[in-house]
Amino acid sequence: MRRHLRRARGLLVLAAIAALLAAAFAWRADQQLSSAQHRLAATDVHGQVALLESEFAGFISDLTRFAEGDRLIEQDSISRRVDALWSRAKLLQSAPYGDRAQRIDRDIGVLTILSARLRTHEANLLDLDRAAQDHNRRVIAVFDLLRDDLARLTAAAIAENQAWRAAAQSDAADARRLTGHVLIAALACAVMLGIAAAVQFWQHRRLRRDRHRLVRRAHRAEATRSRFLSMMSHELRTPMNGVLGMLQLLKQSHLNENQARLLDQAERSGTQMTGLLGDILEYSELQAERLDILSEPYQPAALSLSVQQLLSAAALRNRTPVYVECARGTPEWIAGDFARLRQAISHLTGNLVDDDRVRSIDISVSHDRGQLLSLFTVRTLPGSPRRDDAQLPGIGPETLGLTIAGGLIEMMSGKIRLTRREANSHDIAITIPAPIVYPKRDYVRVEELSETTGLLMRHAVRDAGLRHWTAARASALVTIVLIESPANHEAAAVARMRQAHPGARLVAVGRPLDPLLFDAQCNNAMDHRALQAALTDTSVTARAV
């Protein structure tokens, strides 16, 4: 498998190198194409030279006809010829033809001579006199000497143009070849990348299949182990319960003090063995994630009392005082898994009770910011070795009970924290999310118009053994609503209460505008008995909303 992976990585590296080479070839082809286009664009200099020669021939022809007295040729024609000749000469000496024209004319020098003679004789050419024939012939002879040189310049430009065209065609052919190489390289890269992708896909598919097989095998092994632990715990618990039963019967016989002591020790060992078997069963269920965490209302005070009762026998036997209290201000009802939390606290405290170094254990149960805090204050005997604060969760060595306690607390989204306060005192804090809830009891909501009437209605609620609803108990179930009448917008107030508390009985206190809107009525809030009767009359059912 590793060999295949190395091969796939090698193919990827080769594909990357091929892609770089293809990019280099493409850049080179682009440069050659640009050079060819530049050369092709610059090959028209020979045409400009030919136009200059043609313009010069026309200039000489018009100048000769003018000198010979041809009336068809006027001074304006000569001036236009001079201007055109100047323009052609200047064009060949400037961009984009200047460099090439100067290079072609390097050995001939006709462009420089032509410009100089035009500059020298410009005044004479623009003001010719037909009568001065000798002067005109001398001017014609000065310019006519340049005819052969211009012809040579034209021939040289045509020859260089052919050479440039051949070079441009060669560059274009080279660019086409490079483009073909680039295409071949790109195709090779695509093939290699496709091969590498296919190898990676098959390797990934094979690894995924192997992983699924290993996961299934691990699940089967875990299920087999859990079934084995469950079966063994059940099988061992049955004969152990028989042994304990026989020990109980034996204790009822006449035994001397030594026999009774040995019998108590055997019974304690059997009880510990039964507890250990239960822990093994619990641990197997915890590992198999078959435990369900509930969220039901329970009382923290009942949790404290239950933990105290569970640990009293072990604390008395080991002579380790265990004090469990519920702190003041703790809500009466909270939501959580009462049985699992009690089990976790019992496992943790039982491990501490069995530790000979522990002198006393104080457990305080409180509630703060939606968290149930169980604080263990563990005092040890002087001279006990210091334990690592990072050790979880307690002072003694890690045991099966502590593992179960930690797993249960983790399943309840709780945390365990161990700190050291003094030389022989440790704090173990267990925090569990526990929102405050209110049980489904009869809560009464009072809608008053005056403070005096509201005080009378709340007093009647307390005397009837019911609870007064407030906004702080928004989640509590309201079963009765007292509305002082006549109220402003009575129908709207009744509809609002019906919607806010479906199923609640609406009792009018006073004389309502429409008695049919209410389920019961008390004509006067001062009539305490009648008001209590309206509260406790269960024969009256609430109307539907």
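Structure: see above.
Residues numbered from 1 in each chain as written. Predicted model: local features only at pLDDT ≥ 70, side-chain atom pairs only at ≥ 80, totals over all residues. Heavy atoms only, no water.

1. A word on the sheet that holds strand S8 (residues 443-447)
So, step 1. With respect to topology, 5 strands assemble into an open sheet ordered S9-S8-S10-S11-S12, the strand pairing being parallel. Among the strands making up the open sheet, the edge pair consists of strand S9 (467-468) and strand S12 (520-522).
So, step 2. Note that strand S10 (residues 478-484) and strand S11 (residues 505-509) share 5 bridges and pair parallel. The residue of S11 that forms the bridge with valine 481 is leucine 506.
So, step 3. Running over the sheet, helix H15 (residues 528-536) touches S8, S10, S11 and S12 and is turned about 165 degrees from S11. (Pairing = 2+ DSSP bridges. Helix = DSSP H or I, 4+ residues; strand = E, 2+ residues; numbered from the N terminus. Contact = heavy atoms within 4.5 Å. Axes fitted to C-alpha atoms, helices over the stretch in contact; angles between N-to-C directions.)

2. Let's talk about the environment of isoleucine 17
So, step 1. Within the secondary structure, isoleucine 17 sits in helix H1 (residues 2-42).
So, step 2. A residue is classified by how much of its surface remains accessible, and isoleucine 17, at 43% relative accessible area, is partly exposed.
So, step 3. Each C-alpha atom of the pair isoleucine 17 and cysteine 189 lies 8.8 Å from the other, and the pair is 172 residues apart in sequence. (Buried < 20%, exposed > 50% of the residue type's maximum accessible area, 1.4 Å probe, protein only.)

3. Points about unusual backbone geometry
So, step 1. In this structure, the amide linkage connecting serine 485 to the following residue, proline 486, adopts the cis form with an omega of 0 degrees.
So, step 2. Note that proline 486 resides in the loop between S10 and helix H14 (490-500).
So, step 3. Even without being glycine, arginine 369 reaches a positive phi, approximately 55 degrees.
So, step 4. Along the chain, arginine 369 falls in the loop between strand S4 (358-368) and strand S5 (371-380).
So, step 5. Not every positive phi belongs to a glycine, and serine 413 is a case in point at roughly 60 degrees.

4. Overview of helix H2 (residues 45-67)
Owing to its 3.6 residues per turn, the α-helix aligns residues three or four sequence positions apart on the same side.
So, step 1. Taking 1.5 Å per residue as the helical rise, H2 with its 23 residues ought to reach 33 Å, and the 33 Å between its terminal C-alpha atoms agrees with that figure.
So, step 2. At the exit of H2 stands glycine 69, carrying a positive phi of roughly 90 degrees. (Expected span 1.5 Å × (residues − 1).)

5. Quick look at the pairing of S4
So, step 1. Here S4 lies mainly inside the structure; 8 of its 11 residues are buried.
So, step 2. Sheet analysis places strand S2 (residues 322-326) next to S4, joined by 5 bridges and oriented parallel. Opposite glutamate 325, over in S4, you have serine 364 as the bridge partner.
So, step 3. Judged from the 10 bridges that link them, S4 and S5 form a sheet pairing that is antiparallel. When the bridges of S5 are listed, serine 364 appears paired with leucine 375.
So, step 4. Here S4 folds back onto S5 in antiparallel fashion, the turn holding 2 residues, of which arginine 369 has a positive phi close to 55 degrees.

6. Description of the pattern of salt bridges
So, step 1. Applying the stated rule across the entire model yields 8 salt bridges.
So, step 2. Among the salt bridges present, the one from glutamate 267 reaches lysine 251, with a minimum N-O distance of 3.2 Å. Here lysine 251 lies in helix H8 (residues 147-251) and glutamate 267 lies in helix H9 (residues 257-287), a separation of 16 residues in the sequence.
So, step 3. A single network of salt bridges, built from pairs that share partners, joins Lys251, Asp264 and Glu267. (Salt bridge = Lys/Arg side-chain N within 4 Å of Asp/Glu carboxyl O.)

7. Some details on the packing of helix H3 (residues 75-92) against helix H5 (residues 110-120)
So, step 1. Running from amino to carboxyl end, H3 crosses H5 at an angle of 140 degrees, the nearest separation of the two axes being 10 Å. Put simply, H3 runs oblique to H5. Considering only the axes of H3 and H5, their crossing is left-handed. Across the interface between the two elements, Leu85, Trp86, Ala89, Lys90 and Leu92 from H3 touch Leu111, Leu114, Ser115, Leu118 and Arg119 from H5.
So, step 2. Of the residues belonging to the contact of H3 with H5, the class tally is 7 nonpolar, 1 polar and 2 charged. (Parallel < 35°, antiparallel > 145°, perpendicular 65-115°, else oblique. Left-handed = near helix turned anticlockwise from the far one by under 90°. Nonpolar A, V, L, I, M, F, W, Y, C, P; charged D, E, K, R; others polar.)

8. Looking at the environment of leucine 291
So, step 1. With respect to the secondary-structure elements, leucine 291 resides in the loop between H9 and strand S1 (296-298).
So, step 2. The class for leucine 291 is buried, based on a relative accessible area of 7%.
So, step 3. Along the primary structure leucine 291 and arginine 340 are separated by 49 residues, whereas in three dimensions their C-alpha atoms are 9.6 Å apart.

9. Details of the packing of H2 against helix H7 (residues 133-144)
So, step 1. Their axes nearest at 10 Å, the elements H2 and H7 cross at an angle of 165 degrees. Taken together, H2 and H7 sit at an angle that is classed as roughly antiparallel. In this structure, H2 meets H7 at a crossing whose hand is left-handed. Judged by residue contacts, Phe56, Phe59, Ile60, Leu63, Thr64 and Ala67 of H2 engage Gln133, Asn136, Val139, Ile140, Phe143 and Asp144 from H7.
So, step 2. Partitioning the contact of H2 with H7 into residue classes produces 8 nonpolar, 3 polar and 1 charged.

10. Section: the side chain of threonine 320
So, step 1. As for its position among the elements, threonine 320 is in the loop between helix H10 (300-318) and S2.
So, step 2. Residue contacts for threonine 320: discarding those within four places in its chain leaves Ala315, Val353, Val358, Arg359, Ser360 and Ile361.

11. Focus: the nonpolar core
So, step 1. Judged by nonpolar contacts, the single largest core of 35 residues is most densely connected at Val322, Leu341, Ile361, Leu372, Phe376 and Ile428.
So, step 2. When residues of this core are traced back to their parent elements, those giving at least two are H10, S2, helix H11 (338-353), S4, S5, helix H12 (400-411), strand S6 (415-422) and strand S7 (425-433).
So, step 3. Of all the elements, H11 adds the most residues to this core, at 6 residues.
So, step 4. Every residue in contact with valine 322, bar those within four places of it in the chain, is listed here: Gln308, Leu311, Ala315, Thr349, Val353, Ile361 and Ile363.
So, step 5. Grouped together as the second largest cluster of nonpolar side chains are 31 residues, Leu85, Trp86, Leu111 and Leu153 included. (Core = buried A, V, L, I, M, F, W, Y, C linked by side-chain atoms within 4.5 Å.)

Keep in mind these numbers describe shape, not what the thing actually does.
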